[in-house]
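Observations on the model geometry
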Amino acid sequence: MTIERTFEGRAPRVVMPKGTIDTQMHMYLPGFPQQAGGPPVPEGTPDPQEYRRLMRWLGIDRVVITQGNAHQRDNGNLIACLKAVGSVARGVAVITRQTSLDELQELTEAGVVGARIMDLPGGAVDLSHLEEVDSLSQELGWCIAVQFDGSHILDHEERLAAVKSRWILDHHGKFFAGVTPDSPQIAAVKRLIDKGNCWFKFAGCYESSRSGGPDFEDIATVARVIAEYAPDRIIWGTNWPHNNAKTTEEYPNDADLLDTVLSWLPSDEARRKALVTNPEELFGFDPV
């Protein structure tokens, strides 16, 4: 293997509150190969057993498993992983109007509560399906996780503002071209949050940071502003197993990354909201 993932080490300096929810990660089980159009299954097939080690290390109690791009519109691996992890897990699947009623029922029974839009290379369902997925999610009572190059959010704002489901602007908005707190794109994020059904996810900051680690200051500057503006609309995720990392040297230390990202929240109360109560509301977990 070219990647050695880390599962032990110093504990995070941030003490995670009881009931902490990781709302962004992927896991994989043998027997579910890469589907056409998607990237390869990550090296080593990071599985539920490995993720439980991460949970113990970081202090995570509950998890939202997101369908990985490797499996495109085949949700079989997601269903298997949800069954393996059990009642502490919920899922975000890939669906369209072509998804059968039997599969939708199976997904719901397995714990799926959301649908994924991924308008970047390798994504299975892009923004051209937004209204279709929104309509279907309303019928199911699901939320939608939406990921695209946020540099173009002004081009999509009217359509996003019309979404009726609860939805998530994923991965810090992924502003690949770079933004500041005063950019029109951030004003658009605030307007969308003000609609009352939009959440903003802290996850995968390294995927769009132009300044880079360990501080990711360009992402941090914007994240702090949005966290102050809408503390009831922030959620957080590890983005494990960091699928874009191809070598051990590129692989982040999860405790260091956690401490960095959660420091962008303004208070212990804001952290508890982002880690516990906000995702409980969004993903239908029982309150702790």
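Above this note sits the structure.
Residues numbered from 1 in each chain as written. Predicted model: local features only at pLDDT ≥ 70, side-chain atom pairs only at ≥ 80, totals over all residues. Heavy atoms only, no water.

Quick look at the overall build of the chain
Keep this limit in mind: Counting from the N terminus, the helices are the DSSP runs of H or I reaching at least four residues and the strands are the DSSP runs of E reaching at least two. Radius of gyration means the value over C-alpha atoms here, while the globule rule gives 2.2 Å times the residue count to the 0.38 power. Under the scheme applied here, a residue whose accessible area is under 20% of the maximum for its type counts as buried, over 50% as exposed, and between as partly exposed, the area being computed with a 1.4 Å probe on protein chains only. It only takes one pair of heavy atoms within 4.5 Å for two residues to be counted as in contact. What sets the accessible areas is the Shrake-Rupley method with a 1.4 Å probe; for residues, cover comes only from the shown protein chains. The sign given to each residue is positive for Lys and Arg and negative for Asp and Glu; His and the chain ends receive no count. Taken as the charge centre is NZ of Lys, CZ of Arg, CG of Asp or CD of Glu, depending on the residue.
When you go through the chain residue by residue, the secondary structure sums to nine helices and eight strands. Against the globule reference of 19 Å for 288 residues, the chain gives a C-alpha radius of gyration of 17 Å, in line with a compact fold. With respect to the principal axes defined by its C-alpha atoms, the chain has extents near 45 × 45 × 35 Å. The 288 residues of the chain split such that 56% are buried. Considering only intrachain contacts with a sequence separation of at least 6, the fraction spanning at least 24 residues in the chain is 75%. Just so you have it, the chain exposes about 11,900 Å², and 49% of that area is on carbon and sulfur atoms. Here the chain contributes 28 positively and 41 negatively charged side chains, and the mean placements of these two sets differ by 3 Å.

Structural notes on helix α8 (residues 254-262)
An α-helical turn contains 3.6 residues, so a residue and the one three or four places further along point in the same direction. Of all nine residues that make up α8, eight are buried, and the element is covered over most of its length. Listed as buried for α8 are Asp254, Ala255, Leu257, Leu258, Asp259, Thr260, Val261 and Leu262. In this structure, the buried side of α8 is in contact with α1 (48-58), β7 (198-202), β8 (234-236) and α9 (268-283).

Side note on the pattern of salt bridges
Rule in force here: By definition, a salt bridge exists where a carboxyl oxygen of Asp or Glu is found within 4 Å of a side-chain nitrogen of Lys or Arg.
Across all of its chains, the model carries 13 salt bridges by this definition. The closest approach of N and O atoms between arginine 159 and glutamate 131, which form a salt bridge, is 2.8 Å. Separated by 28 residues along the polypeptide, arginine 159 in helix α5 (residues 153-161) and glutamate 131 in helix α4 (residues 130-140) bring together distant segments of the chain. Its salt-bridge partner being glutamate 217, residue arginine 224 comes within 3.0 Å of it at the nearest N-O pair.

A few points about the state of the cysteines
Structurally, a disulfide amounts to a covalent bond that connects the sulfur atoms of two cysteines. Stated formally: Cysteine sulfur atoms are paired as a disulfide whenever they come within 2.5 Å of each other.
Enumeration according to the criterion identifies zero disulfides in this entry. Sulfur of cysteine 81: no disulfide; nearest cysteine sulfur belongs to cysteine 143 and is 18 Å away. For the unlinked cysteine cysteine 205, the closest cysteine sulfur is that of cysteine 198, found at 19 Å.

Observations concerning the nonpolar core
The cut-off we apply is this: Nonpolar cores were defined as sets of buried Ala, Val, Leu, Ile, Met, Phe, Trp, Tyr and Cys residues, with membership established by side-chain atoms within 4.5 Å.
Ranked by size, the top nonpolar core spans 79 residues in total, and within it Tyr51, Ile65, Val146, Trp167, Phe202, Trp236 and Trp264 carry the most contacts. Here this core gets six residues from one element, more than from any other, and that element is helix α7 (residues 217-229). Apart from the residues within four sequence positions on either side, isoleucine 65 is in contact with Met25, Met27, Leu78, Cys81, Leu82, Val85, Ala89, Arg90, Gly91 and Val92. Membership of the second largest hydrophobic core comes to 12 residues, among which are Ile21, Val64, Ala145 and Ile168.

Brief notes about the side chain of aspartate 259
Quick reminder of the rule: Residues adjacent in sequence count toward polar contacts only when both atoms are side-chain atoms; beyond that, a polar contact is any pair of N or O atoms within 3.5 Å, and within protein one must be able to donate a hydrogen and the other to accept it.
Here aspartate 259 lies in helix α8. At 2.8 Å, the side chain of aspartate 259 forms a polar contact with the side chain of arginine 10. A distance of 3.0 Å separates the side chain of aspartate 259 from the backbone nitrogen of valine 14, its partner in a polar contact.

Brief notes about the pairing of strand β1 (residues 21-25)
For clarity, the threshold we go by: Should DSSP find at least two bridges between two strands, the strands are regarded as paired. Look down the strands so they point away from you; if the path from the first strand over the helix to the second goes clockwise, the crossover is right-handed.
Buried residues dominate β1, accounting for five of its five residues. Bridging between β1 and strand β2 (residues 62-66) involves three bridges; their strand directions are parallel. In the sheet register, aspartate 22 faces β2, and the bridge partner there is valine 63. Crossover β1 to β2 through α1 is right-handed.

Observations concerning the packing of aromatic side chains
Worth spelling out the cut-off: Within 6.5 Å between ring centres, the rings of Phe, Tyr and Trp (the latter by its six-membered ring) count as paired, and their orientation is classed by plane angle as stacked under 30 degrees, edge-to-face over 60, tilted in between. Whether a charge sits over a ring comes down to the Lys NZ or Arg CZ being within 6 Å of the ring centre and within 35 degrees of the ring normal.
Tallied over the full model, the rule gives four aromatic pairs. Here the aromatic cluster, defined as three or more aromatic residues joined through ring pairs, consists of Phe7, Tyr51 and Trp240. When the ring centre of phenylalanine 285 is taken as reference, the NZ or CZ atom of arginine 90 above it lies at 4.6 Å.

Focus on the sheet that holds β2
Operational definition: Comment: axis = line fitted to C-alpha atoms, over the contacting stretch for helices; angle = value between 0 and 180 degrees taken between N-to-C directions.
Overall, parallel pairing links the eight strands, which are arranged β1-β2-β3-β4-β5-β6-β7-β8 in an open sheet. Single-partner strands in this sheet number two, and they are β1 and β8. Strand-to-strand twist in this sheet, taken as the mean axis angle between neighbours without regard to direction, amounts to 30 degrees. Bridge analysis of strand β4 (residues 112-118) against strand β5 (residues 143-147) gives five bridges, and the strand direction is parallel. By the bridge assignment, alanine 115 is partnered in β5 with isoleucine 144. Lying on the sheet, α4 is in contact with β4 and β5; it crosses β5 at an angle near 160 degrees. Across the sheet, α9 touches β1, β2, β3 (89-93), β4, β5, β6 (167-169), β7 and β8, and the angle it forms with β8 is around 100 degrees.

Keep in mind these values describe shape, not function.
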